[in-house]
Amino acid sequence: MSIQISKPFDAHLHLRRGKMAELVTPMSAAQFADVIVMPNLNPPILTVAEANSYRNYLLEIAKCNYHMAVYLTENTSIEEIDAAAKDDNIIGFKLYPLNATTGSQNGISDIKNIYPILKRMEIQKVPLLIHGEVTRPDVDIFDREKVFIEEVLTQIVTDFPKLRITLEHITSADAVEFVMSCSENVVATITAHHLLMNRNAIFTVNEKTALNPHNFCLPVAKTERDRNVLLRAAVSGNSKFFAGSDSAPHPLNCKESSCGCAGCFTGLHAVELYAKAFAELERLGNLEEFLSINGRIHYGISIPSEFINIYDTTFLIPDSIGEEKLTPFMAGQNLNWKVLEE
Ligand SMILES: [Zn+2]
């Protein structure tokens, strides 16, 4: 059996620089015709000009339609928003709360500090991409997304009702419920790993209770109930939900460390992982909406004329890849779906 779909769109991707970029970029380009590239590099991508030079760098590595997100800081200028609005290569601005995840040291400490910028983005119809977590130490790590929605996002949506917002990598039933309750300009991406694991996976290795750093990501995976709500939202065909893999490659020594980095590497097999999640609910018929249609409609990206075929063939996910010993999500396990380019 096989299914054919328009070549997918990954609306949230980390491609890095240097050797890591050379390793992972072709993997995503093979599966996706369009990708949104995140700006939290070291140093970060803070301007439209920097985003374009990073885009040219990626084009040298692999051919793909790279749509660039620029890092929103408390120093972002109105002129930068206007420049982004005029530039087809720029998809929008990414809001990281201060210290929420990898490379968020330049993030926003108080949302009120960027209100003039958000107003300009609303007027210019420039999308805002949000890492939706508060980072106060008094908030439980499993409640960070829920509290962000209550304390910050509800305010943004009320004060800027026309702002086009993507709540990135949602992980909770609260987030699904919130996005459904908003107007059509508020949408969400969902990762493959959050569709396939709950928080037990962070504490399980080969069915034994043990710390599994490869399943640690941010936002952290939530309960089985949350996973089920996410999964149902993803397979529903609802145009508010679409794929953003958030594939986040880290070398092995940064994952298996006393200070392990957050992030799951799904860039090798993102489409196949999504297919697995959809197949489990027997909803492969809606996979194309989620992977190839909904996100492109939100961002005004045209549907490509290329297709991919996904076959029900079993293959083994390798334990690690490349010199950096990059560990793919579900390493050493079998996947039942395989992508072949048309
Ligand atoms: Zn990310």
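Heads up: the structure comes first, above all this text.
Worth saying up front: this structure is predicted, and the values here are computed from it rather than measured.

**Quick notes on the overall build of the protein chain**
Part 1: Broken down by element type, the protein chain carries 11 helices and 15 strands.
Part 2: In terms of overall dimensions, the protein chain is globule-like: its C-alpha atoms have a radius of gyration of 19 Å, near the 20 Å expected for 342 residues.
Part 3: Viewed in the frame of its principal axes, the protein chain has a C-alpha envelope of about 50 × 45 × 40 Å.
Part 4: Counting across all 342 residues of the protein chain, residues that qualify as buried make up 58%.

**Remarks on the side chain of T171**
Part 1: For T171, the location among the structural elements is in the loop between β7 (165-167) and α6 (173-181).
Part 2: For T171, the side chain forms a polar contact with the side chain of K222, separated by 2.8 Å.
Part 3: Those residues within four positions of T171 in sequence are excluded, and the remaining contacts are E145, H194, P219, V220, K222, D226 and L230.

**With respect to the side chain of T191**
Part 1: Here T191 lies in the loop between β8 (186-190) and α7 (192-196).
Part 2: A polar side-chain atom of T191 sits 3.4 Å from the main-chain amide nitrogen of H193.
Part 3: Looking at T191, its side chain comes within polar contact range of the side chain of H194, at 2.8 Å.
Part 4: The residues contacting T191, other than those within four sequence positions of it, are H169, G244, S245, D246 and Y274.

**Comments concerning the coordination of the zinc ion**
Part 1: Coordination of the zinc ion by the protein comes from H12 (NE2), H14 (NE2) and D246 (OD), over a distance range of 2.1 Å.
Part 2: Counting along the primary sequence, the residues that act as donors to the zinc ion give the motif H-x1-H-x231-D. Summarising the burial analysis for this pair, H12 and H14 share the class buried.

**Considering helix α3 (residues 78-86)**
Note: α-helices contain 3.6 residues per turn, so residues at a spacing of three or four share the same orientation.
Part 1: Burial in α3 covers these residues: E80, I81, D82 and A84.
Part 2: If you follow the buried residues of α3, they end up packed against α2 (48-61), β5 (90-95) and α4 (115-124).

About the thresholds
- Residues numbered from 1 in each chain as written.
- Predicted model: local features only at pLDDT ≥ 70, side-chain atom pairs only at ≥ 80, totals over all residues.
- Heavy atoms only, no water.
- Helix = DSSP H or I, 4+ residues; strand = E, 2+ residues; numbered from the N terminus.
- Rg over C-alpha atoms; globule rule 2.2 N^0.38 Å.
- Buried < 20%, exposed > 50% of the residue type's maximum accessible area, 1.4 Å probe, protein only.
- Polar contact = N/O pair within 3.5 Å; in protein donor to acceptor, adjacent residues only side chain to side chain.
- Contact = heavy atoms within 4.5 Å.
- Donors = N, O, S within 2.8 Å, 3.2 Å for Na, K, Ca; no water.

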